[in-house]
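The primary structure of each chain is shown beneath.
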Amino acid sequence: MIHTFQIILAFVGSLGFSILFNIRGRKIWYAALGGMLAWVIYLLGGLWLKGEITQYFISAIIVTFYSEICARIEKTPATTFLTAAIIPLVPGRALYYTMSYAINNRFVEFADYGSYTVSIAVAIAAGIMVASSLSRVFLALRSHEWG
């Protein structure tokens, strides 16, 4: 039950950011579905993967591939979909606690949460870079073979 609620909120959150980023038409739904997909993959990863950082990495890879596919379908840059779809993965709780510990002069906790938050951000960025690079290689090979 709680996971269903989280998945719905991931969709609504990505939909809200799609509106904020001025995405129009059918593209707004693709972006919102991408956010929902990102969170579903993150939750499913918790069933099979050991580390939470790995969950973020795999989820970022899959949602980036999804964005690349949507970009080809809609003839739009992949970032149109990726910026809103990646929102559910943003480590808001970890960022909040990192800053709270810094403001309250609790530097040991600040360092712990800060390094954890940076690890999540690096995992997400690495996942995006891996998937984006693989997509470009695939497209280059495809155009070289058939073009």
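Anyway, here's the lowdown on the structure attached to this text. (Residues numbered from 1 in each chain as written. Predicted model: local features only at pLDDT ≥ 70, side-chain atom pairs only at ≥ 80, totals over all residues. Heavy atoms only, no water.)

Remarks on the overall build of the protein
Within the protein one finds six helices and zero strands. Helices and strands in the protein line up, N terminus first, as α-α-α-α-α-α. Dimensions of the protein, computed from C-alpha atoms along their principal axes, come out at roughly 60 × 30 × 30 Å. Across the 147 residues in the protein, those meeting the buried criterion constitute 37%. (Helix = DSSP H or I, 4+ residues; strand = E, 2+ residues; numbered from the N terminus. Buried < 20%, exposed > 50% of the residue type's maximum accessible area, 1.4 Å probe, protein only.)

Looking at the pattern of salt bridges
Within the structure shown, the criterion is met by three salt bridges. The partner of Arg72 in a salt bridge is Glu68, and the shortest N-O contact between them spans 3.0 Å. Here Arg72 and its partner Glu68 are both found in helix α3 (residues 52-74), four residues apart, which amounts to about one turn of the helix. Among the residues examined, Arg72 registers a relative accessible area of 43% and is labelled partly exposed. The class of Glu68 is buried, set by a relative accessible area of 11%. As a salt-bridge pair, Arg106 and Glu109 come within 3.4 Å of each other at their nearest N and O atoms. Since its relative accessible area comes to 39%, Arg106 is described here as partly exposed. (Salt bridge = Lys/Arg side-chain N within 4 Å of Asp/Glu carboxyl O.)

Quick look at the nonpolar core
The nonpolar side chains of a soluble globular protein tend to be buried, and buried together. Ranked by size, the top nonpolar core spans 15 residues in total, and within it Trp39, Tyr42, Tyr56, Val63, Ile86, Leu89 and Ile124 carry the most contacts. Looking at this core, the elements with two or more residues in it are α2 (26-48), α3, α4 (79-85) and α6 (107-146). Looking at this core, the element that brings in the most residues is α2, giving four residues. Other than its neighbours up to four places away in sequence, Ile86 contacts Ala60, Val63, Ile124 and Ile128. Residues Ile28, Ala31, Cys70 and Phe81 belong to the second largest nonpolar core, which totals 12 residues. (Core = buried A, V, L, I, M, F, W, Y, C linked by side-chain atoms within 4.5 Å. Contact = heavy atoms within 4.5 Å.)

Let's talk about a nonpolar patch on the surface
On the surface, a cluster of nonpolar side chains totalling about 560 Å² of accessible area is made up of Leu44, Leu47, Trp48, Leu49, Ile58 and Ile62. Secondary structure elements with two or more residues in the nonpolar patch: α2 and α3. It is α2 that contributes the most residues to the nonpolar patch, three residues altogether. Turning to its location among the elements, Leu49 is positioned in the loop between α2 and α3. Overall, the relative accessible area of 30% leaves Leu49 in the partly exposed class. (Patch = residues over 30% accessible without salt bridge, like charges linked within 9 Å, V, L, I, M, F, W, Y side chains within 5 Å. Areas by Shrake-Rupley, 256 points an atom, 1.4 Å probe, with all protein chains shown as cover.)

Regarding unusual backbone geometry
One non-glycine residue with positive phi stands out, namely Asn22, at about 65°. Counting through the fold element by element, Asn22 comes out in the loop between α1 (2-20) and α2. Backbone geometry places Lys75, a non-glycine residue, at a positive phi of 55°. Structurally, the position occupied by Lys75 is in the loop between α3 and α4. Using a relative accessible area of 74% as the deciding quantity, one classes Lys75 as exposed.

Some words on the packing of α1 against α2
Between α1 and α2, whose axes approach to 8 Å, the crossing angle comes to 145°. By crossing handedness, the relation of α1 to α2 is classed as right-handed. Contacts from His3, Gln6, Ile7, Ala10, Phe11, Ser14, Leu15, Ser18 and Ile19 of α1 reach α2 at Ile28, Trp29, Ala31, Ala32, Leu33, Gly35, Met36, Trp39, Val40 and Leu43. Looking at the contact of α1 with α2 residue by residue, the class counts come to 14 nonpolar, five polar and no charged. (Axes fitted to C-alpha atoms, helices over the stretch in contact; angles between N-to-C directions. Left-handed = near helix turned anticlockwise from the far one by under 90°. Nonpolar A, V, L, I, M, F, W, Y, C, P; charged D, E, K, R; others polar.)

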